[in-house]
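# Observations on chain architecture
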Amino acid sequence: MIMQPELIIFDFDGTLADTTATILATYQGAIKEVGAAPRTDAECQATIGLPLKEGFMQLYPEFGEDEIDRCVNTYRKIFIANKSKLIPKLYPGVMDTLEEFHRRGYEMSVASSRSRWSLLEFCDDNKISHFFKLILGADDVTHAKPDPEPVLKTLEILKKKPEAAVVVGDMPVDIAMGRGAGCRTVGVTYGNSCREQLEAAGADKVIDAFPELLNFLE
């Protein structure tokens with residue numbers, strides 16, 4: 001018997017807010033500043049959902065530890081300098097849908113590979129922090145996505161069973177994280193990957209607009 005969901009665990013980038021332009025601009029700025037070989041926007045976009053260090057390791061597998069650290073530090077420096085101009089906007093329907101979930105009594109949380117400080121700042125900037133019982137960033141866990149640790153830690157803190165939670169994200173790593181923790185998963189196609197990739201990752205449901213999540217949970 002399938003339990004009625006009690007907890008919804010959201011990814012942030014590409015699921016709640018459109019951060020793609022911010023991430024790509026910062027990636028390209030960092031790559032140019034460190035003098036690394038160019039990478040296309042598509043190549044950079046494919047790393048979204050991974051912790052920043054792992055993203056650069058995917059882009060530059062030939063780099064040593066020092067070179068990767070320089071890329072990461074340069075990215076963060078550029079991001080901090082530009083953050084007031086690069087505040088991401090919520091996707092259509094996100095605010096109204098979060099309000100409806102709150103009204104219906106669902107508990108909600110965020111599990112992101114974004115650094116904790118920028119994640120909290122973006123949630124505050126978009127006035128959605130109050131919806132969430134817990135907000136976890138990359139620095140809050142030892143093993144980030146696709147490892148299930150962010151979801152398992154969330155379940156432990158909020159005292160929920162895996163079958164009572166649903167994980168929602170736009171990337172295959174989000175689906176892998178949720179499935180690895182024993183939760184149902186929903187993929188969204190409006191972020192950084194497509195329906196075929198999300199279905200191949202094993203998503204229980206794939207939706208094209210955030211408000212469709214209401215129908216799935218009913």
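Notes on the structure follow. (Residues numbered from 1 in each chain as written. Predicted model: local features only at pLDDT ≥ 70, side-chain atom pairs only at ≥ 80, totals over all residues. Heavy atoms only, no water.)

Positionally, Gln 58 belongs in helix H3 (residues 52-59). Spatially, the C-alpha atom of Gln 58 lies 22 Å from that of Asp 140, the residues being 82 residues apart in sequence. Excluding residues that lie within four positions of it along the chain, Gln 58 makes contacts with Ala 46, Thr 47 and Leu 50. (Helix = DSSP H or I, 4+ residues; strand = E, 2+ residues; numbered from the N terminus. Contact = heavy atoms within 4.5 Å.)

Below, the discussion takes up helix H8 (residues 172-180). Among all positions in H8, only Val 173, Asp 174, Ile 175, Met 177 and Gly 178 are buried. Of the surrounding secondary structure, the elements contacted by the buried residues of H8 are strand S4 (107-111), helix H7 (149-158), strand S6 (165-169), strand S7 (184-188) and helix H9 (195-200). At the exit of H8 stands Gly 182, carrying a positive phi of roughly 85 degrees. (Buried < 20%, exposed > 50% of the residue type's maximum accessible area, 1.4 Å probe, protein only.)

With 48 residues, the main nonpolar core has Phe 10, Phe 56, Phe 132 and Leu 213 as its most contacted residues. Discounting residues that sit within four places of it in the chain, Phe 10 has contacts with Leu 16, Leu 98, Phe 101, Met 108, Ser 109, Val 110, Ala 111, Phe 132, Val 168, Phe 210 and Leu 213. Ala 111, Val 167, Met 177 and Ala 181 belong to the second largest nonpolar core, which has 13 residues in total. (Core = buried A, V, L, I, M, F, W, Y, C linked by side-chain atoms within 4.5 Å.)

Further remarks concern the pattern of salt bridges. Under the criterion given, the structure shown has 14 salt bridges. A salt bridge links Glu 6 to Lys 160; its shortest N-O distance comes to 3.3 Å. One end of the pair, Glu 6, is in the segment before strand S1 (7-10); the other, Lys 160, is in the loop between H7 and S6, with 154 residues separating them in the sequence. The partly exposed category is assigned to Glu 6, whose relative accessible area is 34%. Notably, a salt bridge pairs Glu 107 with Lys 160, separated by 3.1 Å at the nearest N-O pair. Of the two residues, Glu 107 sits in strand S4 while Lys 160 sits in the loop between H7 and S6, which places them 53 residues apart along the sequence. Its relative accessible area of 17% is what places Lys 160 among the buried residues. (Salt bridge = Lys/Arg side-chain N within 4 Å of Asp/Glu carboxyl O.)

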